[in-house]
Amino acid sequence: MVSRVIPVDDFDLVIFGGTGDLAHRKILPGLYRRFLAGQFPDTARIIGAARTKQDDAAFREEVRGAVVKFGGVPEGDENLTAFLNLIGYVAIDASGEDGWQDLKSRMRSGVIHAFYFSVAPSLFGDIAQRLAGYGIADADSRIVVEKPFGRDLTTARELNATLARHFVEEQIYRIDHYLGKETVQNLMAVRFANILFEPLWNAQYVDHVQITVAETVGVAGRGSYYDRSGAIRDMVQNHLMQLLCLIAMEPPYHFDPNAVRDEKLKVIRALEPVGPDDIVRGQYQAGGEGAAYVTDAENPDSRTESYVAMKVRIANWRWQGAPFYLRTGKKLRARTSEIAITFKEPPHSIFDDGVPRANQLVIRLQPNEGMNLKVMIKEPGPGGMRLVQVPLDMTFAEALGNDGADVPDAYERLIMDVIRGNQTLFMRGDEVEAAWAWTDPIIEAWETGKTRPEPYDAGSSGPEEALRLLHRDNRRWREIRA
Ligand code: NAD
């Protein structure tokens, strides 16, 4: 099944930080793929804006290099040459006055204006102020901002306030690329477009939920950046929180940006504080070819966690009594992201075989996106009624008859949503603040207690203590495997 392309209107997209890593690896190759899919008109303009002094031609060659390298496109690709014709460049100083008049003169009237802030958050205020001050942005313009959105509640509030001085909430698109993933959106489709699951989707029938985002890579190469954030800031406050919200939220009245985000916000506000007994943090040790976290982070004394596991309770009618266990980490056994909903056992068994028969629904976000529902059936053969648990397994690519080649990646989809003016998959300011308000006390407790993360072996499933977090509740983590 070929995915349907709904074209967007003509636009001028300015990428501040167009020469940076994110622009090269994700934004520009993503735009090229949408161009190839015919999703936007060939009159659209993409303008890189960064400090490097260079002309349009030089930036086009840079873009060619990035799309070839990160988009897997052959060097002499004819379509790529057509795409490069849409590209321009303005050398600009975000915190000075150079380049802004030039940028203004490049902007066309009568088309959508979007400004992607792919720069350090410390420059957001400078850019927002100049876009407004030079009259480059108007009431219809959109701005896209990248994570990290603050490092605690105070800084997130400051950032929100800075942007709010020049843009209203409806113009601000805070990217959490997790929300752009096909399978993450599928969570909403599975829950709200089927009658099967929703009646069981509560603590009466659900025993517990596990959310796992495991990576095999360490932090080498970006260790000093990572060391200032750690797993809780880098993954839990944003990505895992968003997954938890989509699983736990009430059905929105409509698939509408504010209706969806209102429901997510209610979940975050209902999260109980997490005490020290309900959270385990870890740090990977040297193993195989790899160095220890402290070496990768270039900080021998680092107390930053590369792994975190926690038990989260949601204080509302739906979830009272059914905990959510979250875990994420680096240098783990396999790269996998999944959500597993374990249902309760039937209230009464008519079979006297002692076989546990809790149904489990596993939604795989990556790799091999799909769903797996474990159901009990009778083991074939004579000799009485023996039961066995079997998977009803569906890989989305197979079910839809494609190999995933035409499925847009998260950034592509989100950028097209910006042009379309659809904020459903972007975080609202109050959501971000509520998530920090919940995370801050956890981080403060670690900092004031000067606690050290538990060591774990590279290539393992994380620290032993994380196993105990579930064992003491008579539960166990699902195995981490690809
Ligand atoms: P980078 O350091 O590679 O690029 C920064 C860009 O900003 C460069 O183009 C540089 O020229 C420009 N810049 C810096 N100072 C400037 C100034 N005064 N005026 C104009 N331009 C200036 O950074 P990056 O990795 O591309 O990250 C950009 C943003 O995206 C950051 O906020 C980062 O946290 C976020 N982010 C990056 C990634 C990633 O994979 N790289 C992932 C998620 C979020």
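Data block above holds the structure.
An account of the accompanying structure is given in this report. (Residues numbered from 1 in each chain as written. Predicted model: local features only at pLDDT ≥ 70, side-chain atom pairs only at ≥ 80, totals over all residues. Heavy atoms only, no water.)

Right, let's get into the site of the ligand. Close to the ligand lie 19 residues, the nearest being Thr-19, Asp-21, Leu-22, Arg-25 and Val-119. Here the shell around the ligand gets three residues from one element, more than from any other, and that element is helix α1 (residues 21-36). Tallied by class, residues from the shell around the ligand come to nine nonpolar, four polar and six charged. (Near = heavy atom within 4 Å. Helix = DSSP H or I, 4+ residues; strand = E, 2+ residues; numbered from the N terminus. Nonpolar A, V, L, I, M, F, W, Y, C, P; charged D, E, K, R; others polar.)

Before going further, it helps to examine the sheet that holds strand β13 (residues 370-378). With respect to topology, nine strands assemble into an open sheet ordered β14-β13-β12-β11-β7-β10-β9-β8-β15, the strand pairing being mixed. The open sheet terminates on both sides in strands that have one partner only, identified here as β14 (387-395) and β15 (454-456). Here the strands of the sheet are splayed against their neighbours by 20° on average, with no regard to which way each runs. Pairing geometry for strand β9 (residues 307-312) and strand β10 (residues 324-329), over six bridges, is antiparallel. Counted as the bridge partner of Lys-311 is Tyr-325 from β10. Running at roughly 150° to strand β12 (residues 360-366), helix α7 (residues 182-192) makes contact with β11 (336-343), β12 and β13 of the sheet. Against the sheet, helix α15 (residues 464-471) engages β7 (206-214), β8 (279-284), β9, β10 and β15, with an angle of about 10° to β9. (Pairing = 2+ DSSP bridges. Axes fitted to C-alpha atoms, helices over the stretch in contact; angles between N-to-C directions. Contact = heavy atoms within 4.5 Å.)

Here the structure, examined in full by the defined rule, presents 19 aromatic pairs. Relative to Trp-100, the ring of Phe-16 lies with its centre 5.6 Å away and its plane at 35°, an arrangement referred to as tilted. Taken together, the residues Phe-16 in strand β1 (residues 11-16) and Trp-100 in helix α4 (residues 100-106) connect sequence positions 84 residues apart. Here the two residues Phe-16 and Trp-100 agree in accessibility, since each one is buried. The ring of Phe-149 carries the charged tip of Arg-174 above its face, separated from the ring centre by 5.0 Å. Over the ring of Trp-446 we find Arg-281; its NZ or CZ atom is 4.3 Å from the centre of that ring. (Phe/Tyr/Trp six-rings, centres within 6.5 Å; stacked < 30°, edge-to-face > 60°. Buried < 20%, exposed > 50% of the residue type's maximum accessible area, 1.4 Å probe, protein only. Lys NZ or Arg CZ within 6 Å of the ring centre and 35° of its normal.)

Axis separation between helix α9 (residues 230-248) and helix α14 (residues 429-449) bottoms out at 10 Å; the angle between their running directions is 140°. Between α9 and α14, the crossing angle belongs to the class labelled oblique. Judged by the sense of rotation from one axis to the other, the crossing of α9 with α14 is right-handed. Touching Ile-232, Arg-233, Val-236, Gln-237, Met-241 and Gln-242 of α9 are Glu-431, Val-432, Ala-435, Trp-436, Trp-438, Thr-439, Ile-442, Ile-443, Trp-446 and Glu-447, all from α14. (Parallel < 35°, antiparallel > 145°, perpendicular 65-115°, else oblique. Left-handed = near helix turned anticlockwise from the far one by under 90°.)

The next thing to look at is the sheet that holds β1. The six strands are arranged β3-β2-β1-β4-β5-β6 in an open sheet whose pairing can be described as parallel. The open sheet has two edge strands, β3 (87-91) and β6 (172-174), and neither has a second partner. Each neighbouring strand pair of the sheet contributes to a mean axis angle of 20°, computed without reference to strand direction. Pairing between strand β2 (residues 45-50) and β3: five bridges, direction parallel. Note on β3: the bridge partner recorded for Ile-47 is Gly-88. With respect to the sheet, helix α13 (residues 410-420) is in contact with β1, β4 (112-117), β5 (142-145) and β6, its orientation differing from that of β4 by roughly 140°.

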